Amino acid sequence: MQTSRARLFKEYKEVQREKGADPDIQLVCDDSNIFKWTALIKGPSETPFEGGVFQLAFAIPEQYPLQPPQVRFLTKIFHPNVHFKTGEICLDILKNAWSPAWTLQSVCRAIIALMAHPEPDSPLNCDSGNLLRSGDVRGYQSMARMYTRLAAMPKKG
């Protein structure tokens, strides 16, 4: 547990030092628990998620960085690799391809890349995956855009 605390503290200091260096990611550590973090990520440009801001929740195991963090979307998102109800993310680096070289910041980068390049063949959201697998890219994009507007964009007024 000491190793994970030291590693997380190092990452925390790095995030503080480089605030604003990556305008697409805002990582925040819980004030009372270094094993709980949240992130705000911007939807990648030229995707149905563009203009949206999505909140992620990180639960970091005591074996970190030897084990990956558990990450899920708190903001609703229509994406084949994200469970619509739970926000669980299907991403190899969060499962069997994890390496201690990954940081919370690089995990956010990988999630943004996944948003831009969905993998419809391993869907957690079958509706979304089926649209893409059947070639209905337009249908997928309009649903994803609609949910981005509803859940990830600031309300006007």
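Residues numbered from 1 in each chain as written. Predicted model: local features only at pLDDT ≥ 70, side-chain atom pairs only at ≥ 80, totals over all residues. Heavy atoms only, no water.

**Student:** Is there a simple way to think about the pairing of strand E4 (residues 70–73) in this case?
**Tutor:** One face of the sheet, then the other: side chains in a regular strand alternate in exactly this way. Only one face of E4 is buried, namely the one carrying Val-71 and Phe-73, since none of Gln-70 and Arg-72 on the opposite face is buried. Alignment of strand E3 (residues 53–59) against E4, held across four bridges, turns out to be antiparallel. Looking at E4, one finds that Leu-56 is bridged to Phe-73. (Buried < 20%, exposed > 50% of the residue type's maximum accessible area, 1.4 Å probe, protein only. Helix = DSSP H or I, 4+ residues; strand = E, 2+ residues; numbered from the N terminus. Pairing = 2+ DSSP bridges.)

**Student:** So what exactly am I meant to see when it comes to the UniProt feature "active site" (unreviewed entry) in the chain here?
**Tutor:** Those residues carrying the UniProt feature "active site" (unreviewed entry) are Cys-90 in this numbering. Structurally, Cys-90 can be placed in the loop between E4 and helix H2 (104–116). Once you skip the residues sitting within four places of it in the chain, Cys-90 turns out to touch Asn-81, Lys-95, Leu-114, Ser-122 and Leu-124. (UniProt positions renumbered as here; feature names shortened; annotations may be inferred. Contact = heavy atoms within 4.5 Å.)

**Student:** Where do I start with the environment of Ala-144 in this structure?
**Tutor:** Its location among the elements puts Ala-144 in helix H4 (residues 137–152). Of the residues examined, Ala-144 reaches a relative accessible area of 1% and is grouped as buried. Filtering out sequence-adjacent residues up to four positions away, Ala-144 remains in contact with Pro-48, Phe-49 and Phe-78.

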